[in-house]
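So you can see what is in the structure, the chains are spelled out below.
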Amino acid sequence: MRVGDEVGAIKRHFANLHILLKINDDNVELFNEKADTSMLMPAFPILEKILPLPVANRVWRVTYRAAPQFYQTQVSWNIWWLILSGFLLTGLTGLGLLMLTGRAMRTEDIVKIRTRELEKEIIRRKKIIKQHNDHNKVLQAIASPASLSDVLELIVSTAEQNHPDCLCSVLLLDEQGKQLHVGAAPSLPEFYNQAVEGLAIGDGMGSCGTAAYRGQRVIVEDIFQHPYWRDFTGLAKQAGLAACWSEPVFSSTQQVLGTFAVYHRVPYYPESELLNEIHELAQLASIAIERRLSEEKVAQLAFFDALTNLPNRRLFMANLEKALSSDVRHKTHGGLLYLDLDHFKLLNDSLGHDIGDELLIQVAARLKQCVRDEDTVARLGGDEFVILLSCREVSENIMLEHALTMAERVQKALRTPYQLKAHVHHITPSIGITLVPSLNISPGDLLKQADTAMYYAKNKGRNAISFYNADMQRRADQRLLLERELREALVQQQFFLHYQPQFDVDHQLIGAEALLRWRHPEKGVIPFADFIQVAEETSLIRLIGDWAIRETCAQLNQWPNLPRLAVNVSPKQFRQSDFYQKIAAILAGYETVGSRLMLEITEGSLVEDIDEAIEKLQALQDLGVYISIDDFGTGYSSLTHLKRLPLNQLKIDQSFVRNINTDSSTAPLIETIIAMARHFGVSVIAEGVETAEQDQFLRDSHCKGYQGHLFSEALSADEFARQFIQA
């Protein structure tokens, strides 16, 4: 049969199987292997099993039985199977134990791995929690009234605390988008911060300059090998920096606001985790910067005039209230100027509001140039401006002088022609003045006073200055008259010099001091003290002082036997940038005068810029000029400064000499000045000696020079020559 052939072929591949097969299709026998089983031992039952086998749409029944060979082989192997079963049981027992041991070992390893993973996860979560806490602190600071610099410093410090090997900074881009300025860099050296302040952005301008220019993160692993740092390697080396990467700080509209920089002291490439954290901190910096910019914009709109950018009425009134309260509390004085532009409406109506606006902008700029940093200029509206002078003067008269001088300065500045597009325009101000404070007056009423004074000026014909108080106006008129007369005195040569001799301990003439006088055509001779304040306020002192020095040199030239002639130099005169050149030019006309000319310079003239003062004094000494510090002891110079100053003489102020017998603290002070002069190797002279008691005290204190009415009053040139030159 075909089925038998197929089964036989298959069984030949499995000859080692001792089985007999039988296959039936329902009641039809398809295949059947038969063998003699009569020799089987009764101990072995017949082994047989029937299995159904689906074939196509039918089910065959397959019966397989153990062949006789299987039973024969089984008998011979029974004993061996018993032995092998023992070995197998032993082996299975050992294998079970081994499997249990291995499983325990694997469990221990898994526990260790899971423990390490858990520890890492705990550390990671703690770090995330700390970052969230740090970020919350920054956000709280941003929401608080803290300054932008404080918030940025907190952000930088947060980064440095989380990464101790890093140094961080935030640089802010200016409004023009051209330069970077230091916002916060607490751990970087100060010289480094000063060097990068104002750094221009651009390709190759270090990490930060390039990042701000490109708007992209810049990573420099090694500063000394990177082309971006070619111009800054010396600075980086001095600061101990070797790596720098910079993250741009973007606004919500993707405008670059600045950079967040991270420095390393060794070449280093940052990990992604650090870069991500820096990116998040840069976003916090962005929030802080934008918030402050928004606050500034709101404040600008609320407190500043949109056209001129000057403080508006609201801010000015707040400042005026503070000034009024402070001046009342400290018993000091300030000044309030109220000005209105004459005929401004005519300009607006004829040339248009755009031209009028341009004029107002230029007026605001000129007003800001007229005042000092502590003064306030504001636009109240239209063509009305106010100036608050915070002079803090105790004397009302001095404040009045200062306010009038400021008004004149403003008047002069605003009278200069204006270029308004294609038009050249002239305009003048009417200015009203009142002093701060007036007792029991509100800021609003004070402003009304100045406004009323301004209308007085309008009624006087415009382009005028008027005080609110009648007495103030009278004094202002007197002061204006004095100024005009001083200018006339210069033209008419009404100034002249008197000369007060100076003596040594043996009453021998050692020199003289030239003292300025004014021969007024109506009031007679006026001493310098009566007009110096107006001369100083109006800067006429420069012209008068230059004349006095030229006249002194001319007189020295006529008196070749006079050892030395001193002349006073005012602070404004000394602070002129060309003061040395003027002295050199004057001395060039008198060959024998330089070594006998002494310039008396007040102590207060030197302390404003001590280095510049030293340079000027040294240059003057190189010309042969002697230098005396006038009114010594009344200024603020320190011993350190005094030691550096190139001096020849200290002059004890007459206020000390006057109080020798009435003020117990004066005598030790004079003795100290004399000892100090001796220590520094300069001469000392006392002025204003008027009594024998004063003279005796100075002698006992080893003073070497004397000047005062006890010895001689100031004399005319002829009288001085008769007594001391021709004798």
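It should be emphasised that the depicted structure is a prediction, and the values quoted were computed from it without experimental measurement.

## Considering the overall build of the protein
Moving on, step 1. A count of helices and strands for the protein gives 23 helices and 26 strands.
Moving on, step 2. Residues classed as buried in the protein amount to 45% of the 727 residues present.
Moving on, step 3. Considering only contacts in the protein between residues 6 or more positions apart, those separated by 24 or more positions represent 63%.
Moving on, step 4. Approximately 39,300 Å² of the protein is accessible, and the part contributed by carbon and sulfur atoms is 54%.

## What about the packing of aromatic side chains?
Moving on, step 1. For the structure shown, the criterion picks out 16 aromatic pairs.
Moving on, step 2. Between Phe528 and Phe531 the ring centres are 5.3 Å apart and the planes differ by 80°, which places this aromatic pair in the edge-to-face class.
Moving on, step 3. Judged by relative accessible area, which is 23%, Phe528 ranks as partly exposed.
Moving on, step 4. You can call Phe531 buried: its relative accessible area is 0%.
Moving on, step 5. The positively charged end of Arg699 is found above the aromatic ring belonging to Tyr706, 5.4 Å away from the centroid.

## Here's the deal with the sheet that holds strand β10 (residues 256–264)
The strands making up a sheet associate through backbone hydrogen bonding, with each pair oriented either parallel or antiparallel.
Moving on, step 1. With antiparallel pairing, 6 strands are arranged side by side in an open sheet as β7-β6-β5-β10-β9-β8. Each edge of the open sheet is held by one strand with a lone partner, namely β7 (199–200) and β8 (218–220).
Moving on, step 2. Along the sheet, helix α5 (residues 206–214) makes contact with β5 (166–173), β6 (179–184), β7, β8, β9 (243–250) and β10, crossing β10 at roughly 150°.
Moving on, step 3. Its contacts with the sheet place helix α7 (residues 272–303) against β5, β8, β9 and β10, and it is angled at close to 45° to β9.

## Let's talk about the confidence of the model for the protein
For residues with low pLDDT, the predicted coordinates do not support detailed interpretation.
Moving on, step 1. Here the protein averages 83 in pLDDT, while 84% of its residues score no lower than 70.
Moving on, step 2. Low confidence marks residues 79–84, where pLDDT is under 50. Its contacts with residues over four positions away, or in another chain, come to 1 contact.

## Some words on the nonpolar core
Moving on, step 1. One finds Leu486, Phe495, Leu597, Leu599, Leu647, Leu650 and Ile652 to be the most contacted residues of the largest nonpolar core, which totals 74 residues.
Moving on, step 2. The element that contributes the greatest number of residues to this core is helix α15 (residues 540–558), accounting for 8 residues.
Moving on, step 3. Non-local contacts of Phe495, meaning those with residues more than four positions away in its chain, are made with Leu486, Ala489, Leu490, Leu516, Arg517, Trp518, Phe531, Ile544 and Trp547.
Moving on, step 4. If you look at the next biggest cluster of nonpolar residues, it comprises 35 residues, including Ile355, Val377, Ala403 and Met406.

## Let's talk about the packing of helix α17 (residues 579–587) against helix α18 (residues 610–622)
Moving on, step 1. Running from amino to carboxyl end, α17 crosses α18 at an angle of 10°, the nearest separation of the two axes being 10 Å. Here α17 is positioned roughly parallel relative to α18, judged by the angle of their axes. Contacts between α17 and α18 pair Phe579, Tyr580 and Ile583 from the former with Lys616, Ala619 and Leu620 from the latter.
Moving on, step 2. Across the contact of α17 with α18, the residue classes break down as 5 nonpolar, no polar and 1 charged.

## Notes on the side chain of Glu384
Moving on, step 1. The residue Glu384 is located in strand β13 (residues 384–393) in this model.
Moving on, step 2. Nearest to the buried, unbridged Glu384 among oppositely charged side chains is Arg313, at 4.9 Å.
Moving on, step 3. With near-sequence residues (within four places) excluded, Glu384 lies in contact with Tyr338, Leu339, Asp340, Ala378, Arg379, Met454 and Tyr455.

## Observations regarding the pattern of salt bridges
Moving on, step 1. This model, assessed by the stated rule, comprises 17 salt bridges.
Moving on, step 2. The shortest N-O distance in the salt bridge between Asp354 and Lys421 comes to 3.3 Å. Taken together, the positions of Asp354 in helix α10 (residues 353–370) and Lys421 in the loop between β14 (418–420) and β15 (423–425) put the pair 67 residues apart, joining distant regions of the chain.
Moving on, step 3. For Lys582, the salt bridge is made with Asp546, and the minimal N-O distance between the two is 2.9 Å. Here Asp546 lies in helix α15 and Lys582 lies in helix α17, a separation of 36 residues in the sequence.
Moving on, step 4. A relative accessible area of 11% means that Asp546 is categorised as buried.
Moving on, step 5. Members of the salt-bridge network, linked through shared partners, are Glu513, Glu600, Lys651 and Glu687.

## Details of unusual backbone geometry
Moving on, step 1. You will see that Lys421, though not glycine, has its phi angle at about 55°, which is positive.
Moving on, step 2. Phi at Asn463 takes a positive value of approximately 50°, unusual for a residue other than glycine.
Moving on, step 3. Structurally, Asn463 is set in the loop between α12 (443–459) and β17 (465–467).

## Examining the state of the cysteines
Moving on, step 1. One pass over the structure, following the stated rule, counts 0 disulfides.
Moving on, step 2. No disulfide involves Cys244; its sulfur sits 5.0 Å from the nearest other cysteine sulfur, which is in Cys208.

## Considering the packing of helix α3 (residues 148–162) against α7
Moving on, step 1. For the pair α3 and α7, interaxial distance at closest approach is 10 Å and the crossing angle is 170°. As judged from the angle between their axes, α3 and α7 are roughly antiparallel. In this structure, α3 contributes Leu148, Val151, Leu152, Ile155, Ala159 and Asn162 to the contact, and α7 contributes Glu277, Ile278, Leu281, Leu284, Ala285, Ala288, Ile289 and Arg292.

## With respect to the pairing of strand β21 (residues 565–569)
Moving on, step 1. Counting buried positions over the 5 residues of β21 gives 4, a clear majority of the element.
Moving on, step 2. Sheet topology places strand β19 (residues 509–520) next to β21; 3 bridges connect them, and they run parallel. Pairing of Ala514 across the sheet is with Val567, part of β21.
Moving on, step 3. Summarising the sheet, β21 and strand β22 (residues 597–602) pair through 5 bridges and their orientation is parallel.

The rules we used
Residues numbered from 1 in each chain as written. Predicted model: local features only at pLDDT ≥ 70, side-chain atom pairs only at ≥ 80, totals over all residues. Heavy atoms only, no water. Helix = DSSP H or I, 4+ residues; strand = E, 2+ residues; numbered from the N terminus. Buried < 20%, exposed > 50% of the residue type's maximum accessible area, 1.4 Å probe, protein only. Contact = heavy atoms within 4.5 Å. Areas by Shrake-Rupley, 256 points an atom, 1.4 Å probe, with all protein chains shown as cover. Phe/Tyr/Trp six-rings, centres within 6.5 Å; stacked < 30°, edge-to-face > 60°. Lys NZ or Arg CZ within 6 Å of the ring centre and 35° of its normal. Pairing = 2+ DSSP bridges. Axes fitted to C-alpha atoms, helices over the stretch in contact; angles between N-to-C directions. pLDDT = per-residue confidence, 0-100. Core = buried A, V, L, I, M, F, W, Y, C linked by side-chain atoms within 4.5 Å. Parallel < 35°, antiparallel > 145°, perpendicular 65-115°, else oblique. Nonpolar A, V, L, I, M, F, W, Y, C, P; charged D, E, K, R; others polar. Lys, Arg positive; Asp, Glu negative; His and termini not counted. Salt bridge = Lys/Arg side-chain N within 4 Å of Asp/Glu carboxyl O. Disulfide = S-S within 2.5 Å.

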